[in-house]
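Listed here are the chains, written in short residue letters.
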Number of protein chains: 2
Amino acid sequence: MIRSRRINRNIGWLVVLLLLVNKTHADDGYRLWLKYDLIKDVAKREEYARSFQFIAVSNQSPILMNAAQELQVGLQGLLGKSVPIITDLGKKTGGVYLNEHQGFSNHIKYGDEGYMMSKSGNIFILANKGVGVLYGTFALLRHIQTGQLLTKLPYNSIPKIRYRLLNHWDNTNGTIERGYAGGTLWKWYELPATVDPRYHDYARANASIGINGTVVNNVNASARFLTDEYIQKVAALANVFRDYGIRVYLSVYFPAPKTIGGLKTADPLDPDVRKWWTDKTKEIYKAIPDFGGFLVKANSEGEPGPQDYGRTHADGANMLAEALAPYDGIVMWRAFVYKADPKADRFKAAHEEFTPLDGKFDKKVIVQVKNGPIDFQPREPFSPLFGNMPKTPLSMEFQITQEYTGFATHWVYEAPIFKECLESDTYINGKGSTVASVIDGSLHKYTMTAIAGVANTGSDRNWTGNPMAQANWYAYGRLAWDHTLSSEAIANEWVKMTLTSEPKAVKTITDLMLKSREIYVDYNTPIGLSRPWSGVHFAPEPWQEKSARPDWTAIYYHRADSIGLGFDRTATGSDALAQYRPEVQKQWNNPETCPLPYLLWFHHVPWTKKLSSGRTLWNELCTRFYTGADSVKWMQQQWAQVKPAIDPEIFADVTGRLATQHTEAIWWRDSWILYLQTYSKQPIPAPFQKPDRTLDDVKRLSEIYKLR
Amino acid sequence: MIRSRRINRNIGWLVVLLLLVNKTHADDGYRLWLKYDLIKDVAKREEYARSFQFIAVSNQSPILMNAAQELQVGLQGLLGKSVPIITDLGKKTGGVYLNEHQGFSNHIKYGDEGYMMSKSGNIFILANKGVGVLYGTFALLRHIQTGQLLTKLPYNSIPKIRYRLLNHWDNTNGTIERGYAGGTLWKWYELPATVDPRYHDYARANASIGINGTVVNNVNASARFLTDEYIQKVAALANVFRDYGIRVYLSVYFPAPKTIGGLKTADPLDPDVRKWWTDKTKEIYKAIPDFGGFLVKANSEGEPGPQDYGRTHADGANMLAEALAPYDGIVMWRAFVYKADPKADRFKAAHEEFTPLDGKFDKKVIVQVKNGPIDFQPREPFSPLFGNMPKTPLSMEFQITQEYTGFATHWVYEAPIFKECLESDTYINGKGSTVASVIDGSLHKYTMTAIAGVANTGSDRNWTGNPMAQANWYAYGRLAWDHTLSSEAIANEWVKMTLTSEPKAVKTITDLMLKSREIYVDYNTPIGLSRPWSGVHFAPEPWQEKSARPDWTAIYYHRADSIGLGFDRTATGSDALAQYRPEVQKQWNNPETCPLPYLLWFHHVPWTKKLSSGRTLWNELCTRFYTGADSVKWMQQQWAQVKPAIDPEIFADVTGRLATQHTEAIWWRDSWILYLQTYSKQPIPAPFQKPDRTLDDVKRLSEIYKLR
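Residues numbered from 1 in each chain as written. Chains lettered and ligands numbered in written order. Predicted model: local features only at pLDDT ≥ 70, side-chain atom pairs only at ≥ 80, totals over all residues. Heavy atoms only, no water.

Stated precisely, the cut-off is as follows: UniProt positions are given in the numbering used here, feature names are shortened, and annotations may be inferred rather than shown by experiment.
The name given to chain A in an unreviewed UniProt entry is Xylan alpha-1,2-glucuronidase, with Spirosoma arboris as the source organism. Its UniProt record, at the heading Sequence similarities (unreviewed entry), says of chain A: "Belongs to the glycosyl hydrolase 67 family." According to the UniProt record, the Catalytic activity (unreviewed entry) comment for chain A reads "Hydrolysis of (1->2)-alpha-D-(4-O-methyl)glucuronosyl links in the main chain of hardwood xylans."

Topic: the overall build of chain A
Threshold: The way it works is that DSSP assigns letters per residue, a run of H or I at least four long becomes a helix, a run of E at least two long becomes a strand, and they are numbered from the N terminus. Based on C-alpha atoms, the radius of gyration is set beside the globule rule, defined as 2.2 Å times the residue count to the power 0.38. Relative accessible area decides the class of each residue, using a 1.4 Å probe on protein chains only: under 20% of the type maximum gives buried, over 50% gives exposed, and in between gives partly exposed. Residue contacts are counted whenever heavy atoms from the two residues lie within 4.5 Å of one another. Areas reported here follow the Shrake-Rupley algorithm with a probe of radius 1.4 Å; residue values treat only the protein chains shown as occluding. Two residue types count as positive, namely Lys and Arg, and two as negative, namely Asp and Glu; His and chain ends fall outside the count. The atom standing in for a charge is NZ when the residue is Lys, CZ when it is Arg, CG when it is Asp and CD when it is Glu.
The number of helices and strands found in chain A is 21 helices and 16 strands. Here the C-alpha atoms of chain A give a radius of gyration of 26 Å, agreeing with the 27 Å that 2.2 N^0.38 yields for 708 residues. Oriented by its inertia axes, the alpha-carbon framework of chain A measures out at about 85 × 80 × 50 Å. Taken across its 708 residues, chain A has 65% of its residues classed as buried. Sequence separation of at least 24 residues holds for 73% of the intrachain contacts in chain A that already meet a minimum separation of 6. Summed over its atoms, the accessible surface of chain A is roughly 24,400 Å², and 52% of this surface lies on carbon and sulfur atoms. Each charge class in chain A can be summarised by its mean position, and for the 82 positive and 73 negative side chains these summaries are 3 Å apart.

What about the domain arrangement of chain A?
All names here are of chain A. This is how it is decided: By convention here, the domain bounds are inherited from an automatic or database domain assignment. Simply put, the buried area is the total loss of 1.4 Å probe accessible area from both parts when two parts are fitted together. Whenever Lys or Arg places a side-chain nitrogen within 4 Å of a carboxyl oxygen from Asp or Glu, that contact is recorded as a salt bridge. Nitrogen and oxygen atoms within 3.5 Å of one another constitute a polar contact, given that in protein one can donate a hydrogen and the other can accept it, and given that sequence-neighbouring residues count only through two side-chain atoms. Each residue is assigned to one of three groups, with Ala, Val, Leu, Ile, Met, Phe, Trp, Tyr, Cys and Pro labelled nonpolar, Asp, Glu, Lys and Arg labelled charged, and all others, Gly among them, labelled polar.
Here chain A is described as being made up of domain 1 (42–156), domain 2 (163–498) and domain 3 (522–567 + 604–704). Where domain 1 abuts domain 2, roughly 1,400 Å² becomes buried across the two surfaces, and 54% of that area is made up of carbon and sulfur atoms. Of all residues in domain 1, Tyr 135, Phe 138 and Arg 142 give up the largest surface area on contact with domain 2, accounting jointly for 37% of the area buried on that side. Across the domain 1-domain 2 interface, the total number found is three salt bridges. One salt bridge connects Arg 142 with Glu 493, and the closest N-O pair in it is separated by 3.9 Å. For the interface between domain 1 and domain 2, the tally reads seven residue pairs in polar contact (both at pLDDT 80 or more). Of all the secondary structure elements, the ones that give two or more residues to the side of domain 1 that touches domain 2 are helix 2 (62–79) and helix 4 (130–145). Looking at the side of domain 1 that touches domain 2 element by element, the count peaks at six residues for helix 4. Along the lines of polarity and charge, the residues of the side of domain 1 that touches domain 2 split into seven nonpolar, three polar and three charged.

Overview of the sheet that holds strand 7 (residues 163–167) of chain A
Hydrogen bonding along the main chain pairs the strands of a sheet, whether they run parallel or antiparallel. Residue and element names in this part refer to chain A. Where we set the bar: We call two strands paired when DSSP finds no fewer than two bridges between them. Note on method: axes are straight lines fitted to C-alpha atoms, helices fitted across the in-contact stretch only, with angles between N-to-C directions ranging 0 to 180 degrees.
The eight strands are arranged 7-8-9-10-11-12-13-14 in a closed barrel whose pairing can be described as parallel. On average, adjacent strands in this sheet sit at an angle of 25° to one another, irrespective of strand direction. Bridge count between strand 7 and strand 14 (residues 450–454): five bridges; the pairing is parallel. Pairing of Tyr 163 across the sheet is with Ala 450, part of strand 14.

Describing the environment of Asn 371 of chain A
Residue and element names in this part refer to chain A. Mapped onto the fold, Asn 371 is located in the loop between strand 12 (365–370) and strand 13 (394–399). The buried category is assigned to Asn 371, whose relative accessible area is 6%. Distance from Asn 371 to Ile 417, taken between C-alpha atoms, is 9.3 Å for residues 46 residues apart in sequence. If sequence neighbours within four positions are ignored, Asn 371 has contacts with Phe 376, Pro 381, Phe 382, Ser 383, Phe 386, Met 396, Glu 397, Phe 398 and Cys 421.

Considerations on the packing of helix 6 (residues 228–241) of chain A against helix 8 (residues 271–287) of chain A
Residue and element names in this part refer to chain A. To be explicit about the condition: Crossing handedness is read from the near helix: turned anticlockwise from the far helix by less than a right angle, it gives a left-handed crossing, and turned clockwise, a right-handed one.
At a closest axis distance of 9 Å, the pairing of helix 6 and helix 8 adopts a crossing angle of 35°. Crossing of helix 6 against helix 8: the hand is right-handed. The residues of helix 8 that touch helix 6, namely those facing Asp 228, Ile 231, Gln 232 and Ala 235, are Lys 280, Glu 283, Ile 284 and Ala 287. Considered class by class, the residues forming the contact of helix 6 with helix 8 number four nonpolar, one polar and three charged.

Some points on the sheet that holds strand 1 (residues 55–57) of chain B
All names here are of chain B. Across the sheet, which stays open at both edges, the six strands sit in the order 2-1-3-5-4-6 with mixed pairing between neighbours. A strand with exactly one partner marks an edge of an open sheet, and here the two such strands are strand 2 (85–86) and strand 6 (155–157). The pairing of strand 1 with strand 2 spans two bridges and is parallel. The partner of Ile 55 across the bridge, within strand 2, is Ile 85. Across the sheet, helix 2 (residues 62–79) lies against strand 1, strand 2 and strand 3 (96–100), angled at about 180° from strand 1, the strand it touches most.

Side note on the packing of helix 11 (residues 415–422) of chain A against helix 13 (residues 470–481) of chain A
Residues and elements named next belong to chain A. Short version of the rule: In these notes the angle categories are as follows: under 35 degrees is roughly parallel, over 145 is roughly antiparallel, 65 to 115 is roughly perpendicular, and the rest is oblique.
Between helix 11 and helix 13, the shortest axis-to-axis distance is 9 Å and the interhelical angle comes to 30°. With respect to helix 13, the element helix 11 is oriented roughly parallel. For the pair formed by helix 11 and helix 13, the contact residues are Ala 415, Phe 418 and Lys 419 on the first element and Asn 472, Ala 475, Tyr 476 and Leu 479 on the second. Per-class residue counts for the contact of helix 11 with helix 13 are five nonpolar, one polar and one charged.

Quick look at the environment of Ala 349 of chain A
Residues and elements named next belong to chain A. On the secondary structure map, Ala 349 appears in helix 10 (residues 346–354). Along the chain, Ala 349 and Tyr 598 lie 249 residues apart, while their C-alpha atoms are 19 Å from each other. With residues near it in sequence (within four places) discarded, Ala 349 still touches Val 337 and Tyr 338.

So, unusual backbone geometry
Residues and elements named next belong to chain B. For the bond from Leu 191 to Pro 192, the omega torsion is 0°, close enough to zero to count as cis. With respect to the helices and strands, Pro 192 occurs in the loop between strand 7 (163–167) and helix 5 (197–208). The step from Ala 686 to Pro 687 runs through a cis peptide bond, and the omega angle for that step is 5°. As for its position among the elements, Pro 687 is in the loop between helix 20 (648–680) and helix 21 (695–704). Despite not being glycine, Lys 445 has its phi angle at roughly 55°, a positive value. With relative accessibility at 64%, the residue Lys 445 sits in the exposed group. Here His 537, not a glycine, exhibits a phi torsion of approximately 65°, which is positive. Along the polypeptide, His 537 turns up in the loop between helix 15 (503–524) and helix 16 (555–558).

Written out as structure tokens, the structure is:
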């Protein structure tokens, strides 16, 4: 349906209106960063065109043909030129040669996925395997999309991490746990017979940023996925993804041998159980020969697991590894565990449960660790597990979907969250032992390296709900490939590929993106606060005292009282800090020197304590909350300035979301301030105005979001 | 993202490929029946064009400008011609004049929504109100889209029913109860600041078929919608819909005065409760001046209601009517009630509860009755309530979404379901007292008439999941406007507007549509069977014996035993038949003469009983199940023949769904046959082959769909 734009209502009488319908195409966001809109600069277009007179392929494998066709489609759009695909390069020059050449000189260095790109007569994209050529092709397109000169070639690229996955927390009923962009992309009731063309575009988008695996179902897994019915459905997806270098993985329900296998137990040491998994795995590989493996959430938040039978996580993981032994598949076992114990510190749980198991996991097992010790908060210290399991490959689990960063209405560019963790120094082997060096295997010489991002995609036409959230999917993929890229560089290329190439607008939007996360933290959880949500993690509820579990209340985390605020995790408190190396402890264990962003993660600080900023805790909190909320106003103003450079539909969409974000930022500010004030008994410091509503008012507002 | 089509893998070496990218646009179904693709016949196009040299408007009200603009967009597409909108007709000829003329000669006859269309010099669309002009404009577009001659004008049209609504069973969390096309269209977290352009297209689509109201939230209602937060969100939708003649309605949660009002009771006779509703209604009208009113599910399937306080449905409805008294809004009170009593016959419940209340409802109240006495089964007798409440306006509730007709993978064209009910004769005032004559007010001179369809729309790009299900939305709207239209005529125009104008394909697809429902009934619930589902109403489970309620089991409905099958609703059984007029009873109360489609609705029939078909019950059942499932094969073959005439993406999509439908039809057949055989002890009659699986096999398959 053509979106007929409203015509101006203020037209005078007798004016003849001739609307130019259908001329301007509104951007519905579906194309993501693969827009391939015509380059406006004719000279530049012609210059590019000289080097793209043909696309030659070294063979016609599906993956190479996908690469060639992507390039063809891209060049058609960018240059407005039909470029033929040819299968015999001969002595022709002036084109592109997509060359899959198993065993070229740098084979070992480039591996299965790396590529070389050079220019001399032709542009050459050379790789050991087709998928490397595909990655190189997308890199070449990106090169043009971001307006770079072809003289800047050659370059080459090799991924730093081997398994680069999306984790979809998608349910069988079409919902997505923590999804804010519509329902699931996977049409389970229609598969395998109906294959939505969108699966193909999903694969293209992921391949373009180097993602090579996808876990299609929620970690709170349904056993359905291990039935023959569903294996066939998943296989239909795998058939689409395969030729984009993407392997399919499944989250598994640990007691499946009981629920669908009819066994009396799911004990991982029981021979029948082991045989069931072995047979089941064989069945899966028969349907999906390149199946990637299993992701497991066990003995975590009520999900069953090996501990139900007195066994360890290693026992459970190794059983699955045994089943996978004949195949090129892996087990990703999540370390997201904590017990419902009001006396314990959830912060410490994963380290306590998993470090004793180091060295006990099968070589096919990777332990998947969330970036922080709690749960994807807007800011967390890095998980103390990183570096502390030198004999066990650890993978990183980031959350791309904005569960705790404002759903689809708050603009939070997440690359700085990811980078902050990756660049944290564990000091495990001395200075420079970054989390990234753990994850990419360089520190402990892991042979298997992996990274996972909990997807923010859904059935919304623009994939991510908030158009700006596309950047988080993009940034995750780019960092998974190369974690040394800067947040700014990634933002810059994403904006150019997705929104506009107008230099001033690129600068303004990049700047907004880079500041967005800090602004969110300021009005949401400043100075190391965490988890003030209830229910679906939407509305503020720092006053929450009751929940299904004591460690699912807000007060468990912030520990506000008449004296002060914050969770004492030093030796006088839970001593969680002891899980870090002394160098790290030194950064954080002194409240006088602990950086403010982490202060309340580790210290219970008196309200009147003067902080390094020169303000008391109370005044610093107020300053953060108020300036954070005010900064959203600034975001709105900045965004308003880029209007001429942005598609009107996307501009209007983001404008609306920023208005909601501003309203909600003030709601967050008022909720925290009014609640904490009942403990601090302090006035709102000048120049800030006290909220024009009461604590009861904001509580009432939050209550709305708890109604069914 | 351009959906790059797979190129042929079988190309020979050395062949130069030049792909024509971007030339053929795949149809993603978004445009529905408002496609406006270029008419291929140049002569025809030119003939039309002579009559469309301009679009003149009598005023520039938003609704008239929407009409003019729709026509402009439509003509641009159909004729490839930019047609100017002018505001002064003067003496010009050769164009269209959209004329809103309050009080033209036939005012009373045409009312607010009817229109006249004529041609002499210009094409005139004349109506009392802008919305009538809008409807006429869509009719004119339909006229061209279906290839009719302009010489076939004049015609005029007046809706037979005043309130023509969609009911959305959409939840606050983004899911849709019984939705099979993705999540909700309404982005509650983003509203009111972000207004998805899709809302506009939703309004256009509905206006094009005459729908003038929409209940945006589930009848299992959240009290959220009565909070100021959500009223603002709903108002933002109303602002979009208003200029398409569509009013917004809300489902209300009866105990809202307690849950959000802080009152101690929701007793409808309590003065504070009445005041709360009055104040709340005032608040709503302040935000939405043309608010349509309330829809209520009360004391139904666990939803609270007035009976919780010893009051009647009338007490509850009249309280809301009182609150609406100052405004042009109505109460739609649902009659979908039944008690969890294994001894009772659910069939009788609504009649028993509601007929004693006839005459006790306020004049602003309409009682909304489902077409059948149970719950939207593939075939039901008409509800015995129709005609039996002469003093109370009754409205029809149809279900467009395919809860019991195969979700999004079974092709069931529903117009025959709707027509079958509307044309049923209640004999209330003698022969010809059809259900339609009850609903349209002609029988009992109701001043208020209404019809509701439970929507099948969702966030899927093509709105309805199965592209063929768009026809059900369309047919519902067309019948709501004029229930005398035939199923065939509606199918024919929908196919031409949506899929193809190639005559043979139109004929083939129309034929498929008309047969589809009977085929579904044959393999799903033949001869009057009903409700063999469990859980989410997907998998067959005729063996279901246990459920949260006794009347939510399958055996409650089919009553299979060693003697026979079916629910005795004659005087020897529940005597539900006594709720109908004698003439109706006469049709159904004799098992020898009761038409087979209704037989098991009213009779417990021995397995070996010879039916009017000449076959025993068992053999007739087998014949239906087998021929039904085989007919899906026939549907596949028919569909394959229209390939050249259909967009390839839509063709592939439907092809896939038909494959799934065939698989599932056999599953239904086998489930019923194998299960009933345990009672009938009869062999599968020749020429049918017995299922190649066991009852346990099909049970196991159904179990999969009960896993979380």
